[in-house]
Amino acid sequence: MPSLRFLLSRRWVLFLLVVLTLAWAAWRLGEWQFDRREDRLARNAVIERNENDPPVPVTEVLAPGARVAAEEEWKRVSATGTYAVEDTVIVRYRTRDGAAGVDVVVPLVLPDGSSVLVDRGWLKTDNRGTTPDDVPAPPAGEVTIEGWARRDATGDSTAVTDQSTRAISSERIGEALDRQVVTGFVELSSESPEAAEPLQPVELPEQDGGPHFYYGLQWWFFGVLALFGFGYLAYDEARGGRGMVRGTRRSERPEHATVDGKHDARQE
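Residues numbered from 1 in each chain as written. Predicted model: local features only at pLDDT ≥ 70, side-chain atom pairs only at ≥ 80, totals over all residues. Heavy atoms only, no water.

Engineer: Teacher, can you tell me more about unusual backbone geometry here?
Structural biologist: Trans peptide bonds make up most of the peptide bonds, and negative phi angles are found at most residues other than glycine. Note the cis peptide between Ser 192 and Pro 193, where omega equals 5°. Relative to the assigned elements, Pro 193 resides in the loop between β8 (181-192) and α3 (212-239). Non-glycine residue Gln 163 carries a positive phi angle of around 55°. Backbone geometry places Asp 178, a non-glycine residue, at a positive phi of 55°. Within the secondary structure layout, Asp 178 lies in the loop between α2 (170-177) and β8. According to the relative accessible area criterion, Asp 178 is exposed, its value standing at 72%. (Helix = DSSP H or I, 4+ residues; strand = E, 2+ residues; numbered from the N terminus. Buried < 20%, exposed > 50% of the residue type's maximum accessible area, 1.4 Å probe, protein only.)

Engineer: Help me out: how do you make sense of the packing of helix α1 (residues 10-50) against α3 in this one?
Structural biologist: For any two helices packed against each other, the geometry comes down to the angle between their axes and how far apart the axes lie. Relative to each other, α1 and α3 sit at 165°, their axes nearing to 7 Å. Between α1 and α3, the angle is such that the two are roughly antiparallel. Our pair here, α1 against α3, has a crossing hand that is left-handed. Looking at the contact of α1 with α3 residue by residue, the classes come out as 20 nonpolar, five polar and six charged. (Axes fitted to C-alpha atoms, helices over the stretch in contact; angles between N-to-C directions. Parallel < 35°, antiparallel > 145°, perpendicular 65-115°, else oblique. Left-handed = near helix turned anticlockwise from the far one by under 90°. Nonpolar A, V, L, I, M, F, W, Y, C, P; charged D, E, K, R; others polar.)

Engineer: Just to check I follow, could you spell out the side chain of Thr 183 for this structure?
Structural biologist: Among the secondary structure elements, Thr 183 is positioned in strand β8. Side-chain polar atoms of Thr 183 contact the backbone nitrogen of Ala 66, separated by 3.5 Å. The residues touching Thr 183, leaving out its near neighbours within four places in the chain, are Leu 62, Ala 63, Pro 64, Gly 65, Ala 66, Arg 67, Val 68, Asp 152 and Ser 170. (Polar contact = N/O pair within 3.5 Å; in protein donor to acceptor, adjacent residues only side chain to side chain. Contact = heavy atoms within 4.5 Å.)

Engineer: How do you make sense of the side chain of Ser 115 when you look at a structure like this?
Structural biologist: Structurally, Ser 115 can be placed in strand β5 (residues 115-124). For Ser 115, a relative accessible area of 0% puts it in the buried group. Separated by 3.2 Å, the side chains of Ser 115 and Arg 179 make a polar contact. With residues near it in sequence (within four places) discarded, Ser 115 still touches Pro 107, Leu 108, Val 109, Arg 179, Gln 180, Val 181 and Val 182.

Engineer: Please explain α2 as it appears in this structure.
Structural biologist: Note that an α-helix has 3.6 residues per turn; residues three or four places apart therefore point the same way. Every buried residue of α2 is accounted for by Ser 170, Ile 173, Gly 174 and Leu 177. For α2, the angular spread of the buried residues around the axis is 100°, confining them to a single face. What points out from α2, more than 90 degrees from its buried face, is the exposed set Glu 171 and Glu 175. Buried positions along α2 lie against β3 (89-91), β4 (101-109), β5 and β8. (Arc of directions from axis to C-beta.)

Engineer: Just checking my understanding: could you explain the packing of aromatic side chains for this structure?
Structural biologist: We describe a pair of aromatic rings using the distance from one ring centre to the other and the angle between the two ring planes. All chains considered together, the criterion is met by ten aromatic pairs. Taken together, a centroid distance of 5.9 Å and an interplanar angle of 90° make the contact between Trp 219 and Phe 222 edge-to-face. Of this pair, Trp 219 and Phe 222 both sit in helix α3, three residues apart, which is roughly one turn of that helix. One aromatic cluster is present, built from ring pairs that chain together Trp 27, Phe 34, Phe 213, Tyr 214 and Trp 220. (Phe/Tyr/Trp six-rings, centres within 6.5 Å; stacked < 30°, edge-to-face > 60°.)

Engineer: Would you mind showing me how to read the nonpolar core here?
Structural biologist: Nonpolar side chains in soluble globular proteins tend to be buried together. Judged by nonpolar contacts, the single largest core of 24 residues is most densely connected at Val 58, Leu 62, Tyr 83, Leu 108, Val 116 and Ile 145. When residues of this core are traced back to their parent elements, those giving at least two are β2 (76-83), β4, β5, β6 (142-150) and β8. Per-element accounting of this core gives the leading share, four residues, to β4. Of all hydrophobic cores here, the second largest spans nine residues; its members include Val 89, Val 105, Leu 117 and Ile 168. (Core = buried A, V, L, I, M, F, W, Y, C linked by side-chain atoms within 4.5 Å.)

Engineer: Explanation requested: the pattern of salt bridges in the structure shown.
Structural biologist: Inspection of every chain in the model, using the stated rule, returns nine salt bridges. Arg 76 is paired through a salt bridge with Glu 146; the nearest N and O atoms lie 2.9 Å apart. With Arg 76 in strand β2 and Glu 146 in strand β6, the pair connects residues that are 70 residues apart, well separated along the chain. Taking relative accessible area as the criterion, Glu 146 reaches 28% and is therefore assigned partly exposed. (Salt bridge = Lys/Arg side-chain N within 4 Å of Asp/Glu carboxyl O.)

Here is the structure:
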């Protein structure tokens, strides 16, 4: 029976630790992908449940200082008010089908004096320096809107500079505009009266599981492959196959060199 004592050598112990670390990392990354798939399916269920319900007043879902509940996101809401065009905010780096563009967010002033941020849609533009003056104006006067309630984004991308941002956060935008806004925002689906030059409507997320299932399987495959590779190399080492081949070649080289040297001498 082949000896396995070589597995106790420092080189093989370190090799095993590296392989186990890689396999563990691949397992965790696979679980992360499966968790993302479950989150996406849960979100899809919420969208499917909420998107076809009749709209409810926006104040039943969005309120100052109260984060939108996960089960309330994508609920259809309606509101009546007046757009504060002077406080338009541009959301940069919003691409569609490879085309550059921006989203246009405008506060809608409600009868009680508070405002709700409305993402009115997408505008194609090649100019990354788009300003509020460059986008089509919303309807003037009193407007009734319908749309989907959304939760605020978080992180550094929500910073607002010169009425421009990369992600929508009602808290950060409210602070930048010095305006009282309800928490969360509305993705516009329709407005009455309609704008003279409407923007492209918001696209609902694709309601499928995404690629996460296959990504998870790939990570797990990589982990199994690492363990299999270690086992194969250990088996090969135990058989002595590779070592014997190297040893034979080393022992043969001097002999051939001697013979070649004698042959060369005879030729001279």
